Amino acid sequence: MSAPGNFAIPERGPGIWQPKIQGIICNWCSYAGADLAGGGRIQYPPDIRIVRVMCTGRIDALFVLKAFADGADGVLVSGCHFGDCHYLEGNYKAAKRMFMVKRLMKSIGLDDRRFRMTFVSASEGAKWGAVVTDVVNTIRELGPSPITEFKNK
Amino acid sequence: MAEKKKATTKKTPSKKEDIKKVAPVKQEVKKQAPAPTAKPKAAAAPAAVGSTTKQEARVGVFICHCGTNIAGSMDIDAVQESSKSIPHVAYVDNYKYMCSMPGQTVIHKAIKDHNLTGIVVAACTPRLHEPTFRAATKDGGLNPFRFEMANIRDQNSWVHMHDRVGSTEKAIDAIKIAVAKAALLQDLYPKSVPVEKAAMVVGAGVAGMQASLDLAAAGIKTYLVEADTSIGGRMSQLDKTFPTLDCSQCILTPKMVDVGRDENIELYTYSEVHEVEGYIGNFDVTIRKKARGVMTPKEAEAKGIVGGGCNGCGDCETACPVVKPNMFEVGMKPRKAIYINHPQVVPLIYTIDFDSCVKCGICVTACGPEKRAIDLEMKDEFIKVKIGTAILATGYDIFPIEKKEEWGYKRFENVITSLEFERLICASGPTGGHLVRPSDGQTPMRVAFVLCAGSRDNTGTGKPYCSRFCCMYSLKHAHQIIEKIPGCIPYIFYMDIRSFGKMYEEFYYRIQDEGAKFIRGRVANIIEDKATKNLHVMTDDTLLDRPIDMEVDMVVLASAVQPSADTNRTRKLFGVSCSMDGWLLEAHPKLNPCGTTTAGVFLAGVCQGPKDIPDTVASAEGAASAASIPIHKGEVELEPYFASCIEDKCAGCGMCVNLCPYSALSLVEKDGRMVMQVTEAKCKGCGTCGGFCPGGAIWMNHFTTPQIVAQIDAFLLGGEQ
């Protein structure tokens, strides 16, 4: 069966690479938005796994790097829109750190498109679906993480 | 050290003890928390530390079918089978509805039979059922915070309905992630804080007034803050209310008087919320009382003017030379720079519009030496109050329908909005209740009503939602003109008539019988006849399937509604989210329509979404009841997600102190060096400090670094580590 949405269901099986994407998202906006996508039955690819934190401010830059070191092909951090943070300004502080991560990735030769920070509010179920679809499509384009390949050598 | 203490206090607590202990035990939390050695890699170490039973973590996994919601999109047997091989998993079971009583019993039984130390339920979302399963975990004899949820419905089966393999794999990983966290969960104890026995209601329309009256009747001191000069809101502008056709003023003004004289209600009109600090039970709110230039008798007395202050005589208004449009009458009547909206205002105190006042001082003379109510140099006042809970009832504005240019509002004189119609037909309105054409003052004999004006509009100009009460008030308008103007015919251009309430459909039939003409078609264009100022309404009659060009004397646009102008500012102060169209977001659309995600803040009336008067009053009563619960309980439990400092690791750099948005952190001297200290009452558990600390010295309860790293590892390294 074909799924509605901007993606195709890929072929699966042993030996076929599937992207591993780590999502770390905040409880109040993006997690709620992701739940809303469920309520609206908005279909998106299943290649993302979510870790919930109360605020994106909780996200240590090392969590993102740990995910990459563990072999994630992509990482998505998602929080509230600026000005809407449940804890006033956690997302600003997270965004600053995430810029740092992006710079670091560039300088070590890891494509920084593998990492993304987005802002999805509790009412943006459709946006959450679009964001995940886009992240998955980007990672599929970029292929497996060079770190995994390096490890397997 | 600390863990030993922990173990002794927590020796198989009986259920009753556990409940009573909540307050005293909270002291332990602080001591116990920093104890774990916090080695991200070593999964076993923290597990042993936090464990009640001083043994390896034993996690029970319970998979919910949610009927076919989950089971229909994935292979539950495969999920169950692979869950068995996840490290730390001691027991796996599944049930049709885990949240039901039998489902919860499965959890209770397994905790006892299999000596579990952590519970994972793979079901809907923690935002819906975390409280349910925490209670079940507690009933089974474990600390409720030893529960972790794997979201396999809202973020899996519902969004991957056509990808069974992908959905199953994702569910297995979600359970791995949850188990990794569950294995490291610790006992936590919610902190109880006392609740201030006072509430605040923002907005004094019918919702805010009803909520305030209910709170006041329950014995709660209520601060009612209203931006306008009088309470009453939109309802005070209406003439009659459907379907009973009782006069809006007649049912509203007694309520306004009640609000004005209730001893438990402290009324702040011409005021706004300026600043909000604190959390449920203990909000510190600053109210900005705008300078209205006129003193109440109370304020005058405080200034030593005995027997002075405004008594609403209106002498000043007669004298004032400045004329402005009266916005209460939608600009159809003049007012002076010193004004009241209408004669029934509560409180009956004049207000100076300082934007238009020329400070000539004539009103001061008119007011006289006894009352001395007018103070042209009055300044805004800031008043601080402490409240336990708050209700937002900020209401709505009319969508600026001139944006839909094809209907010619503000271009053609005889195109008016329904709110203008409401004032024109109202006995206390600018024309004394005579409906007239704005262009020539003649009585219209053919009136067109354009429904869904700006509502149900996907063009991007209007609003996509249904404004819910326009159909009904337009039917009422049709009835009113048939009644008041013999021979006048209302033409109602509609898409669908949505008459869903009690006695609404019957009202619709009645209006049909009275002779209103219904034309099913969305109005495409309105053209003015330059000579007569009559209007041509163009549409396609979808029932007769033919184009229509109808000449009418007047057009009434049933304009959409949108959140009031100040809603966005107010919601940000209280930390409430909004939906895409700006209406305030409820905690759950069905099960918690009055609550918000900010504990202690509730929603009443249209600010949550369009509602007619009965629904508004019902939601206000619901919000008042919800807001009074914590106050009557006297204390609330805060989720124990506080930060705490692992002092051995803290270098005392103090970077976290500046990061904290709540000023909860400080540097103190301990054993001859500086370390960070957390004021738990101020900490809300965002973790911004914990995400930054360069030494990893901040322990975020329930979202600890080892837990989060274990979750990441569980997914990417398969849980083997």
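Residues numbered from 1 in each chain as written. Chains lettered and ligands numbered in written order. Predicted model: local features only at pLDDT ≥ 70, side-chain atom pairs only at ≥ 80, totals over all residues. Heavy atoms only, no water.

### A look at the overall build of chain A
Then, number 1: The helix and strand tally for chain A stands at 5 helices and 4 strands.
Then, number 2: N-terminal to C-terminal, the α/β element order of chain A is β-α-β-α-β-α-β-α-α.
Then, number 3: A compact globule built from 153 residues would reach a C-alpha radius of gyration of about 15 Å, and chain A, at 15 Å, matches this within 12%.
Then, number 4: Dimensions of chain A along its principal axes, counting C-alpha atoms only, are 45 × 40 × 20 Å.
Then, number 5: The burial tally for chain A puts 60% of its 153 residues in the buried class.
Then, number 6: Look at the contacts in chain A between residues 6 or more apart in sequence, and 79% of them connect residues 24 or more apart.
Then, number 7: Summed over all atoms, the accessible surface of chain A reaches about 6100 Å², with 59% contributed by carbon and sulfur.
Then, number 8: For chain A, the centre of its 20 positive side-chain charges and the centre of its 14 negative side-chain charges are spaced 4 Å apart. (Helix = DSSP H or I, 4+ residues; strand = E, 2+ residues; numbered from the N terminus. Rg over C-alpha atoms; globule rule 2.2 N^0.38 Å. Buried < 20%, exposed > 50% of the residue type's maximum accessible area, 1.4 Å probe, protein only. Contact = heavy atoms within 4.5 Å. Areas by Shrake-Rupley, 256 points an atom, 1.4 Å probe, with all protein chains shown as cover. Lys, Arg positive; Asp, Glu negative; His and termini not counted. Charge placed at Lys NZ, Arg CZ, Asp CG, Glu CD.)

### Digging into the confidence of the model for chain B
Caution applies to low-pLDDT regions: their predicted coordinates should not be interpreted in detail.
Then, number 1: With 92% of its residues at a pLDDT of 70 or more, chain B has an overall mean of 90.
Then, number 2: Note that pLDDT drops below 50 for residues 1-53 of chain B; the model gives that stretch 73 contacts with residues more than four away or on any other chain. (pLDDT = per-residue confidence, 0-100.)

### Comments concerning the sheet that holds strand S2 (residues 48-53) of chain A
All names here are of chain A.
Then, number 1: Strand order across the open sheet formed by 4 strands is S2-S1-S3-S4, with parallel pairing between neighbours. Either end of the sheet is taken by a strand with one partner, and the two such strands are S2 and strand S4 (115-119). Strand-to-strand twist in this sheet, taken as the mean axis angle between neighbours without regard to direction, amounts to 20°.
Then, number 2: Taken together, the 6 bridges between strand S1 (residues 21-26) and S2 define a ladder with parallel strand orientation. Counterpart to glutamine 22 in the pairing with S2 is arginine 49.
Then, number 3: Across the sheet, helix H4 (residues 125-142) is in contact with S1, S2, strand S3 (74-79) and S4; its angle to S4 comes to roughly 170°. (Pairing = 2+ DSSP bridges. Axes fitted to C-alpha atoms, helices over the stretch in contact; angles between N-to-C directions.)

### Some points on empty space enclosed by the protein
Then, number 1: Inspection of every chain in the model, using the stated rule, returns 11 cavities of 30 Å³ or more.
Then, number 2: Roughly 210 Å³ of internal volume is contained in the largest cavity.
Then, number 3: If you go around the largest cavity, you meet 16 residues; those closest to its centre are Tyr31 and Ile50 of chain A together with Met149, Asn151 and Ala174 of chain B.
Then, number 4: Breaking the lining of the largest cavity down by element, the ones donating at least two residues are S2 of chain A together with strand S4 (147-151) and helix H8 (164-182) of chain B.
Then, number 5: Considering only residue class, the lining of the largest cavity consists of 9 nonpolar, 3 polar and 4 charged. (1 Å grid on protein atoms, 1.4 Å probe; cavity = no way out; pocket = protein on both sides within 12 Å on 5 of 7 lines; lining within 4 Å. Points joined across faces, edges and corners; volume = space filled by probe spheres on them. Nonpolar A, V, L, I, M, F, W, Y, C, P; charged D, E, K, R; others polar.)

### A short note on the side chain of threonine 222 of chain B
Residues and elements named next belong to chain B.
Then, number 1: The topology assignment puts threonine 222 in strand S7 (residues 221-225).
Then, number 2: Owing to a relative accessible area of 0%, threonine 222 belongs among the buried residues under this scheme.
Then, number 3: A polar side-chain atom of threonine 222 sits 3.0 Å from the main-chain carbonyl oxygen of isoleucine 220.
Then, number 4: Ignoring anything within four residues of it in the chain, the contact list for threonine 222 reads Ala199, Val201, Ser212, Leu215, Ala216, Asn264, Ile265 and Glu266. (Polar contact = N/O pair within 3.5 Å; in protein donor to acceptor, adjacent residues only side chain to side chain.)

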